[in-house]
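Take a look at the letters that make up each chain.
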Amino acid sequence: MVPTLREGDRLLVRYGAPIRPGAVVLFRHPFQQDLLVVKRAVERRAGGWWLLSDNRPVDSDSRSYGAVPDELVLGRVLLRLGPGPAWLAPGRRLERLLLTPRLARVPGLARRFGVRVEEL
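From a predicted model like this one, the values you see are computed outputs, not experimental measurements.

How each quantity is defined
- Residues numbered from 1 in each chain as written.
- Predicted model: local features only at pLDDT ≥ 70, side-chain atom pairs only at ≥ 80, totals over all residues.
- Heavy atoms only, no water.
- Core = buried A, V, L, I, M, F, W, Y, C linked by side-chain atoms within 4.5 Å.
- Buried < 20%, exposed > 50% of the residue type's maximum accessible area, 1.4 Å probe, protein only.
- Helix = DSSP H or I, 4+ residues; strand = E, 2+ residues; numbered from the N terminus.
- Contact = heavy atoms within 4.5 Å.
- Phe/Tyr/Trp six-rings, centres within 6.5 Å; stacked < 30°, edge-to-face > 60°.
- Lys NZ or Arg CZ within 6 Å of the ring centre and 35° of its normal.

Our next topic: the nonpolar core. Proteins that are soluble and globular tend to have nonpolar side chains buried together. Core analysis: the largest hydrophobic core is formed by 12 residues, namely I19, A23, V25, F27, V37, A41, W49, L51, Y65, V68, L72 and V73. Broken down by secondary-structure element, the contributors of at least two residues to this core are strand 2 (24-28), strand 3 (36-45) and strand 4 (48-52). The residues contacting L51, other than those within four sequence positions of it, are V25, F27, K39, R40, A41, D61, S62 and V68.

Let us look at the packing of aromatic side chains. Applying the stated criterion across every chain yields a total of two aromatic pairs. Between F27 and Y65, the aromatic rings sit 6.4 Å apart at their centres with planes inclined by 55 degrees, giving tilted as the arrangement. Here F27 is found in strand 2, whereas its partner Y65 is found in helix 1 (residues 62-65), with 38 residues between them in sequence. Classification of F27 by relative accessible area gives buried; the value is 0%. With a centroid separation of 6.4 Å and 90 degrees between ring planes, the pair formed by F31 and Y65 is classed as edge-to-face. Of this pair, F31 sits in the loop between strand 2 and strand 3 while Y65 sits in helix 1, and the two are 34 residues apart along the sequence. Among the aromatic side chains, those forming a connected cluster through ring pairs are F27, F31 and Y65. Directly above the aromatic system of W50 lies the positively charged group of R45, at a separation of 3.9 Å from the ring centroid.

Looking at the element boundaries, A89 is found in the loop between strand 6 (86-87) and helix 2 (92-98). Residues in contact with A89, not counting those within four places in the same chain, are R76, V77 and L78.

What follows is the structure, encoded as structure tokens:
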């Protein structure tokens, strides 16, 4: 999940929270269910959630194991607590506000509040 998260980061997770596209989620690996994994929810599909890494060259995500069933998705990551705090799950209203043309012009503002902005 580099650059969003790095190995060893401490996270605050809301278990059972509703998942929406763009959210960072915690789930059990489909093939090794004692392994907890963090990825970004991209879209809802027939078999569950399509989850991808923010680090595009890494393909240990839904591209290799398919959609993750709902029962394996445990919750939404709200905050990175350490090493430095970062908000990863803004509310919908805040997200829409940060993406308005006026605020979107401020470099890095949306990203600091956990809004995923696709780079061109």
